[in-house]
Amino acid sequence: MEEVKKFIFKGKPKGKESITLLDFLDEVTSLSKSQIKKHAANGGIWIKKKGVGPLNRIRRVKTNLTSEDHIECHYDPNLPEVDMSLVQEIYKTKGWGVWYKPAGVLSQGTKFGDQASILRHVEKNVPNAYLIQRLDRETSGLMIIAYTDKVARIFTNAMKNRLIRKFYQAEVLGTLRQEQGEIAFDLDGKSAKTLYQVHEEFEQSTLLEIEIITGRFHQIRKHFEKIKHPVIGDPKYGRHNKNDDGLKLVAHKLELKDPITKKDHLFTLPEELRLF
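In this text, all values refer to a predicted model and were calculated from it rather than measured experimentally.

(A) Expanded view of the pairing of strand S8 (residues 140-146). Counting buried residues along S8, 7 of its 7 residues qualify, which places the element largely inside the surrounding structure. Of the pairings in the sheet, the one linking strand S6 (residues 96-101) to S8 comprises 6 bridges and is antiparallel in character. Each bridged residue has a counterpart across the sheet, and for Gly97 the counterpart in S8 is Ile145. For strand S7 (residues 130-131) and S8, the ladder comprises 2 bridges, and the chain directions are antiparallel. Bridge pairing in S8 places Leu131 opposite Ile145.

Structure representation (structure tokens):
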């Protein structure tokens with residue numbers, strides 16, 4: 001069961017000069033010291049120094065606490081182990097790279113930890129890492145990750161100005177009336193546009209090539225549910241579209257311009273990682 005514990009450290013413990021985060025959590029939680037160390041390394045412990053400013057992950061359990069430090073321990077003993085071995089960098093420059101995220105891997109962490117996220121995986125080898133776009137946990141595919149703040153800002157502006165084109169492959173329930181079309185239902189009060197092209201029809205489903213013009217939360221999944229053709233294997237949206245092989249949605253292609261060299265790039269997943 002998920003557990004969230006919040007504490008405010010009120011000052012030096014009696015008879016001690018100071019106390020470390022590890023010793024403090026050992027006193028106030030039911031976790032063992034080895035569990036606390038692992039949980040901190042996995043990114044589930046947060047601190048707001050002296051109760052001021054934002055909460056930040058804290059991984060160093062030997063940190064000495066000071067008066068009024070605000071500490072949060074977000075703990076879920078049932079978080080599954082995630083295989084990160086298939087995460088790989090497809091293309092690399094000094095300022096950015098294109099990465100492959102398998103299904104089941106998070107784009108970024110949650111309050112309960114970031115050990116199963118591609119962002120944390122990259123951060124272990126790169127001093128700074130910034131997500132340019134995100135993919136749902138269930139979606140596999142290509143992601144752009146910047147390695148400097150400057151490059152991240154340039155890419156973010158390019159994304160806003162639609163200079164980066166994002167293409168997906170999906171299998172959806174049923175057959176569509178048109179071989180190509182546009183879905184433009186607003187999502188969460190914001191405009192959203194999805195383009196699709198039929199690749200192949202089966203008796204009960206259809207393979208599609210999709211381009212998203214906007215990047216709203218769960219855009220493809222929500223849009224195809226709205227037109228009664230939910231993505232096969234979607235655990236959240238649609239009816240009669242579940243399957244044992246997971247979500248049939250892959251971010252298989254990116255078109256973009258290198259913000260430094262201005263060189264045009266086209267990245268595609270190898271055939272074995274695509275739907276078709």
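(B) View of the packing of helix H1 (residues 21-28) against helix H2 (residues 33-41). Running from N to C, H1 and H2 point in directions that differ by 120°, and their axes come no closer than 10 Å. Considering their axes alone, H1 and H2 lie oblique with respect to each other. Note that H1 runs across H2; the crossing there is right-handed. Residues Leu22, Asp23, Leu25 and Asp26 of H1 lie in contact with H2, whose contacting residues are Lys33, Ile36 and Lys37. Here the contact of H1 with H2 is built from residues that sort into 3 nonpolar, no polar and 4 charged.

(C) Seen up close, the nonpolar core. If you look at the biggest cluster of nonpolar residues, it comprises 30 residues, and the most contacted ones within it are Ile210 and Phe224. At the level of secondary structure, the elements contributing two or more residues to this core comprise helix H3 (118-123), S8, strand S9 (165-173), strand S11 (194-201), strand S12 (205-212), helix H5 (219-226) and strand S13 (249-257). Those residues within four positions of Phe224 in sequence are excluded, and the remaining contacts are Val172, Leu176, Ile183, Thr194, Tyr196, Leu208, Ile210, His229 and Pro230.

(D) The arrangement of the sheet that holds strand S2 (residues 45-48) in detail. The strand order S1-S4-S2-S3 describes an open sheet built from 4 strands, whose pairing is antiparallel. Of all the strands in the sheet, just strand S1 (3-9) and strand S3 (56-57) have a single pairing partner and so form its edges. Bridging between S2 and strand S4 (residues 69-75) involves 4 bridges; their strand directions are antiparallel. What sits directly across from Trp46, in S4, is Glu72. Those strands touched by H1 are S1, S2 and S4, and its axis lies near 120° from that of S1.

Criteria and thresholds
Residues numbered from 1 in each chain as written. Predicted model: local features only at pLDDT ≥ 70, side-chain atom pairs only at ≥ 80, totals over all residues. Heavy atoms only, no water. Buried < 20%, exposed > 50% of the residue type's maximum accessible area, 1.4 Å probe, protein only. Helix = DSSP H or I, 4+ residues; strand = E, 2+ residues; numbered from the N terminus. Pairing = 2+ DSSP bridges. Axes fitted to C-alpha atoms, helices over the stretch in contact; angles between N-to-C directions. Parallel < 35°, antiparallel > 145°, perpendicular 65-115°, else oblique. Left-handed = near helix turned anticlockwise from the far one by under 90°. Contact = heavy atoms within 4.5 Å. Nonpolar A, V, L, I, M, F, W, Y, C, P; charged D, E, K, R; others polar. Core = buried A, V, L, I, M, F, W, Y, C linked by side-chain atoms within 4.5 Å.

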